[in-house]
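Survey of secondary and tertiary structure
Here is what each chain is made of, one letter per residue.
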Amino acid sequence: MRRQSVETLIAGLDAMHPERPFRVMNVCGGHERSITQAGLRSLLDKHIELIPGPGCPVCICPEEDIAQAIHLALNEQVILLSFGDMLRVPVFSHTEGPRSLLAARSQGADVRPVASPLDAVAIARANVTQQVVFFAAGFETTMAPVAAMVAEGVPDNLTVLLSGRLTWPAVAMLLSNDEQAFDALIAPGHVATIMGSDEWAFVAEQHGLPTAIAGFHGESVLAALQCLLQQRSDNRAQLVNCYPEVVKPQGNTQAQQLLREVMVVSAANWRGIGVVEDSGFTLRPEFATVNARVRFSELTDQSSFTPLAPPAGARCADVVLGRLYPDQCPLFGNECTPRHPIGPCMVSDEGACRIWMSSGMRSVDESKPTPEGV
Amino acid sequence: MTEEYISLAHGNGGRLTRELIDKVFVQYGQHPLLDTVNDAATMSLPNQTICMTTDSFTVQPLEFPGGNVGSLAVHGTVNDLSVSGATPLYLSTSFIIEEGVSMACLIRVVKAMAEAAHKANVSIVTGDTKVVPKGQGGGIYINTAGIGLKRTHTQFDIKRLSAGDHIVVSGPIGDHGVAVLLARDEFGLDSQLISDCASVYPFVEAIDTIDGVKFLRDPTRGGIAMAMHEMAQATNLSIRLNEAAIPLSGQVESVCNMLGFDPYYLACEGRVVAVVAPEVSEEVVRRWQVCEHGQNAATIGEVLPRQEQYHCPVSLVTHIGGERLLDELEDDPLPRIC
Ligand code: SF4
């Protein structure tokens, strides 16, 4: 049954045989993982390119934020909590001292991985004589539970080092810089669950690009692809929700309300990308007591922070922006591996390089897009 | 014995140690050959080739649906002997217990060990216990060593692998890894899933007279993906698995979907993978399917000549007919599952 529908989908895609490249970007690590783990690229016409874009919150977390976390962690009073993915992310620009949270830990810092804000609260309760700082980096899907935690009230010894980002402004920025950045978008299913599908209408309405919200099975991505390709062959562009069982046009209004209560949206820096307007979450002044940047203003002062150039050859920024496929970075699989990551995209489970390394087909004859700017 | 918890004095070699041995290990470990007076066990071995192995078990939590560290410690060593072509006979065991472990928990562990040994037809003949201060151990660590008799007709040898061979698995994969993960209660997920922790000896015995059975492996840490890697690397061949054929319980599948794990890297503790000549794979599946826990046995892949064009010798044909690599595991998503 399952197989049958997949064959129909693939046959449908083949029947539309695109004669020119159709570059479909995804902006969610979960989608990239589904695509790679389903081996989708090996099934598709070579004109259909599936491009991983800025979909990994760990990859785009700015180095100054990680440097703040490292700095805090090195303070004896502090237990630093972070999502596990972040621990090994290297900071290129840290001049002295450990260059990742894991390195800080091996120097004696108390750095602990957590899976959710609930863990953070539990750890703070269990360590009342310590200051517990929760380094919360993530997109809307992660920010919603963080906002819920803050709104509910946290133990006195718990503060949040927030590094939250909104997904759509990065896509808007990509398109405003280059209308040709991609031809169609698979919009992120998880983010849309919280924020609503309507948020993505601008891609179709303002930029004329077919857009589909997709779920996370190989089949769901295929269905979304078929929808996108159909739009192009009909010469139309609209937002189609191919994941309606979960994603609603308005999203989860309760979660959005909490986000608004606790956080404000402002311009924010993205690693490898730069400052993006209206793309960052920061805690509202009412919650200053929970804000690690307020409570530890000296420790988190990174005004003298000067980024170094990334190591020679590293193309992380191009990979994050979807300008290069991971295996087009000369360091991919050579100097840069999951065991010895050079860039953040090789660390996180949501990072394109890491995903391609552990489950991509890395063959010599893999069809590659025409590299731009190589 | 009125103490409810293990104290350091239980390990000091004095009265409490004596009582612990008599009232827990002798009483619940019940085996006539378990000699608690002499420093070494005496047993007789037929005049044949023997196999020997040892392994240590540190699973967290100590108890999980379908087993505990005690049953795991028996099965782990019994299975290593079994897949090497030996009939497991004798085990030794060594406990490192953390101060503060409840006596009731220790008794459950020792009982489970005795039951597992009884069911697997092996004798635990000697043992040792140490107690470490609170905070210096993870509750109970157990080492077991085992001796087995090499079955004369078995020809298991990784050198016999060749392109065209089939890969057969005895049951659904990943149950142990997920059962332990959920028992940790970190994810707030409820499940009925129980670990597959069991002796695989009956599976081995069921097929080891078939000449085309070339090599066996129990896919523990690292799951079937790492078992395939070890075989591919030792032989300079490639292996391609077929996702649609790999038995997977619905619960493992949904937990993996939810947490983003790949089931192919999750541990089994009661499954076995066989590499067999293509003409006998159906026979192996047929015999396994009538074994206890074997009803889902299936042929799941094949051995190929080394695919030089890929960076990695193990690949997977996916549900939707695409192909992907199964690279070596980097960081274990589930620390301390065995
Ligand atoms: S392979 Fe490494 S250096 Fe190259 S883009 Fe990926 S993470 Fe960056």
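Residues numbered from 1 in each chain as written. Chains lettered and ligands numbered in written order. Predicted model: local features only at pLDDT ≥ 70, side-chain atom pairs only at ≥ 80, totals over all residues. Heavy atoms only, no water.

If you check an unreviewed UniProt entry, chain B appears there as Hydrogenase expression/formation protein HypE from Dasania phycosphaerae. Among the UniProt annotations of chain B, the heading Sequence similarities (unreviewed entry) holds the following wording: "Belongs to the HypE family." (UniProt positions renumbered as here; feature names shortened; annotations may be inferred.)

In the nomenclature of an unreviewed UniProt entry, chain A is known as Hydrogenase maturation factor of Dasania phycosphaerae. The Sequence similarities (unreviewed entry) field of the UniProt record for chain A holds the comment "Belongs to the HypD family."

**Focus on the pattern of salt bridges**
Within this structure, the stated rule accounts for 21 salt bridges over all chains. Two residues, Asp318 of chain A and Arg315 of chain A, come together in a salt bridge whose shortest N-O distance is 2.7 Å. Asp318 of chain A sits in the buried class, given a relative accessible area of 14%. The salt bridge involving Asp262 of chain B is made with Arg324 of chain B; its shortest N-O contact spans 2.7 Å. Residue Asp262 of chain B is found in the loop between helix 7 (250–259) and strand 10 (273–276), and its partner Arg324 of chain B is found in strand 13 (residues 323–325); the two are separated by 62 residues along the sequence. (Salt bridge = Lys/Arg side-chain N within 4 Å of Asp/Glu carboxyl O. Buried < 20%, exposed > 50% of the residue type's maximum accessible area, 1.4 Å probe, protein only. Helix = DSSP H or I, 4+ residues; strand = E, 2+ residues; numbered from the N terminus.)

**Regarding the interface of chain B and chain A**
The interface is formed by 21 residues belonging to chain B together with 27 residues belonging to chain A. Between chain B and chain A lies a buried interface of about 2,000 Å² when both sides are counted; carbon and sulfur atoms form 51% of it. Among the residues of chain B in contact with chain A, Ile320, Arg324 and Glu330 of chain B are the three that bury the most area, contributing 32% of the side total. Run the count over chain B and chain A and you get zero salt bridges. Listed by contribution, the elements that provide at least two residues to the side of chain B that touches chain A are helix 7 and strand 13 of chain B. (Contact = heavy atoms within 4.5 Å. Buried area = accessible area lost by both parts, 1.4 Å probe.)

**A closer look at the domain arrangement of chain B**
Residues and elements named next belong to chain B. In terms of domains, chain B is made up of domain 1 (8–150) and domain 2 (158–325). Distance from the C-alpha centre of domain 1 to the C-alpha centre of domain 2: 28 Å. Opposite the 21 residues of domain 1 that make contact, domain 2 presents 21 residues. Buried surface at the junction of domain 1 and domain 2, both sides included, amounts to about 1,500 Å², of which 62% is carbon and sulfur. (Domains from an automatic or database assignment.)

**Some points on the site of the ligand**
Lining the immediate surroundings of the ligand are Ala314, Arg315, Cys316, Val319, Cys329, Phe332, Cys336, Gly343, Cys345, Met346 and Cys353 of chain A. A class-by-class count of the residues in the shell around the ligand yields nine nonpolar, one polar and one charged. (Near = heavy atom within 4 Å. Nonpolar A, V, L, I, M, F, W, Y, C, P; charged D, E, K, R; others polar.)

**A look at the state of the cysteines**
Summed over the entire model, instances satisfying the criterion amount to one disulfide over all chains. Here Cys56 of chain A pairs with Cys59 of chain A through a disulfide, and the sulfurs are 2.4 Å apart. Given an S-S torsion of about 75°, the disulfide between Cys56 of chain A and Cys59 of chain A has right-handed geometry. Cys197 of chain B provides the cysteine sulfur closest to Cys105 of chain B, a residue in no disulfide bond, and the two sulfurs are 15 Å apart. (Disulfide = S-S within 2.5 Å.)

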